[in-house]
Amino acid sequence: AQSVTQPDIHITVSEGASLELRCNYSYGATPYLFWYVQSPGQGLQLLLKYFSGDTLVQGIKGFEAEFKRSQSSFNLRKPSVHWSDAAEYFCAVGPRVGNNRKLIWGLGTSLAVNP
Amino acid sequence: GAGVSQSPSNKVTEKGKDVELRCDPISGHTALYWYRQRLGQGLEFLIYFQGNSAPDKSGLPSDRFSAERTGESVSTLTIQRTQQEDSAVYLCASSSGLAGPNEQFFGPGTRLTVL
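This structure is a prediction, so every number in the text was calculated from the model and none was measured.

With that out of the way, let us pick up the sheet that holds strand S3 (residues 19-24) of chain B. All names here are of chain B. Within the open sheet, the four strands sit side by side as S1-S3-S7-S6. Their pairing is antiparallel. In this open sheet, the two strands that pair with only one neighbour each are strand S1 (5-7) and strand S6 (65-69). Averaged over all pairs of adjacent strands, the angle between strand axes in this sheet comes to 15°, irrespective of strand direction.

So, in structure tokens, the structure goes:
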């Protein structure tokens, strides 16, 4: 079955510390991969996406993610977290072909940032 | 350009009443999605429209839920005989459809409260 797993439901880091949010997927073929962020009271915003090419992708707000095909993972990273990064983060994957382009979503990781 | 818009932003209703939620996708986007997000939870897929194809209704939780879309424009999500467990934020997203990566753009959501 197709699925996306975000193993960490909640993570707390100190401001200035590095961050890694994990995402693993189960899919028939290499999908498109996305990370979205939902800040408190805000809508969902795309952070970054992987389609092809370089497996290390850069996104907005200083985030990056690395696609590892052998591990079926697409982990999100940031070298130094800011208090404003406190939010809910969702990983999603979607098909490259076919007539149904519905995304499969993880359940999200809630990030808290200590001052 | 204009993003995805949703109305109303907030809706309070009494148990047993019907409600209609509206979504205006980004112009030219052929795909439209409805999601439900309960407080502190992830995204729950409800329904997906792709052009003139039959919609993917696999996520609708009961026959009280239905949605329509006129061509490639506005969509309405209708919940009949609302129940307290229907209280949630209802999110709409649109994407450019089958051509290329299916990145979804989200609206601000409608917060539904059933008393």
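Counted under the stated rule, the structure contains two disulfides over all chains. Note that A:Cys23 is cross-linked by a disulfide to A:Cys91, the S-S spacing being 2.0 Å. Because the torsion about its S-S bond is -65°, the bridge between A:Cys23 and A:Cys91 counts as left-handed. Taken together, the positions of A:Cys23 in the loop between strand S3 (19-21) and strand S4 (24-26) and A:Cys91 in strand S10 (residues 87-94) put the pair 68 residues apart, joining distant regions of the chain. Residue A:Cys23 shares its accessibility class with A:Cys91, and that shared class is buried. Between the sulfur atoms of B:Cys23 and its disulfide mate B:Cys92 the distance is 1.8 Å. Judged by the torsion about the S-S bond (-65°), the B:Cys23/B:Cys92 disulfide is left-handed. Here the residue B:Cys23 occupies a position in strand S3, and B:Cys92 occupies one in strand S8 (residues 88-95), the gap between them amounting to 69 residues. Judged by its relative accessible area of 0%, B:Cys92 falls in the buried class.

The next point concerns the interface of chain B and chain A. Facing 20 residues of chain B, the contacting portion of chain A comprises 19 residues. Inspection of the chain B/chain A interface yields two salt bridges. One salt bridge in this structure joins B:Asp56 and A:Lys102, with 3.1 Å as the shortest N-O distance. Taken together, chain B and chain A are joined by eight residue pairs in polar contact (both at pLDDT 80 or more). Contributing elements (two or more residues each) for the side of chain B that touches chain A: strand S4 (31-37) and strand S5 (44-50) of chain B. The class makeup of the residues in the side of chain B that touches chain A is nine nonpolar, nine polar and two charged.

Residues and elements named next belong to chain B. With respect to burial, S8 is a largely interior element, eight of its eight residues being buried. Where burial is concerned, the two faces of S8 agree: the one with Ala88, Tyr90, Cys92 and Ser94 and the one with Val89, Leu91, Ala93 and Ser95 are both buried. Two elements, S4 and S8, share seven bridges in a ladder whose sense is antiparallel. Residue pairing for S8: Arg36 is matched across the bridge by Tyr90. Direction of pairing for S8 relative to strand S9 (residues 105-106): antiparallel, over a ladder of two bridges. By the bridge assignment, Ser94 is partnered in S9 with Phe105.

Let us look at the environment of A:Glu88. Residue and element names in this part refer to chain A. Among the structural elements, Glu88 can be located in strand S10. It is 5.1 Å that separates the C-alpha atoms of Glu88 and Gln38, two residues lying 50 residues apart in sequence. Those residues in contact with Glu88 that lie beyond four places of it in its chain are Tyr36, Val37, Gln38, Leu107, Gly108, Thr109 and Ser110.

Looking now at the layout of surface pockets. Regions of empty space are outlined by a rolling probe, equal in size to a water molecule, passed over the atoms. For the largest pocket, the calculated volume is near 520 Å³. Forming the boundary of the largest pocket are 25 residues, of which A:Gln38, A:Gly41, B:Gln37, B:Val89 and B:Arg111 lie nearest the centre. At four residues, the largest contribution of residues to the lining of the largest pocket is made by strand S10 (residues 110-114) of chain B. Taken together, the residues of the lining of the largest pocket break down into eight nonpolar, 14 polar and three charged. Space inside the second largest pocket adds up to approximately 280 Å³.

Under the definition given, this model contains 10 salt bridges over all chains. Two residues, B:Arg22 and B:Asp24, come together in a salt bridge whose shortest N-O distance is 2.8 Å. Take B:Asp24: its relative accessible area is 23%, and that puts it in the partly exposed class. The partner of B:Glu44 in a salt bridge is B:Arg38, with the nearest N and O atoms 4.0 Å apart. We classify B:Arg38 as partly exposed; its relative accessible area is 31%. Overlapping salt bridges bring together A:Glu64, A:Glu66 and A:Arg77 as one network.

Calculation criteria
- Residues numbered from 1 in each chain as written.
- Chains lettered and ligands numbered in written order.
- Predicted model: local features only at pLDDT ≥ 70, side-chain atom pairs only at ≥ 80, totals over all residues.
- Heavy atoms only, no water.
- Pairing = 2+ DSSP bridges.
- Helix = DSSP H or I, 4+ residues; strand = E, 2+ residues; numbered from the N terminus.
- Axes fitted to C-alpha atoms, helices over the stretch in contact; angles between N-to-C directions.
- Disulfide = S-S within 2.5 Å.
- Buried < 20%, exposed > 50% of the residue type's maximum accessible area, 1.4 Å probe, protein only.
- Contact = heavy atoms within 4.5 Å.
- Salt bridge = Lys/Arg side-chain N within 4 Å of Asp/Glu carboxyl O.
- Polar contact = N/O pair within 3.5 Å; in protein donor to acceptor, adjacent residues only side chain to side chain.
- Nonpolar A, V, L, I, M, F, W, Y, C, P; charged D, E, K, R; others polar.
- 1 Å grid on protein atoms, 1.4 Å probe; cavity = no way out; pocket = protein on both sides within 12 Å on 5 of 7 lines; lining within 4 Å.
- Points joined across faces, edges and corners; volume = space filled by probe spheres on them.

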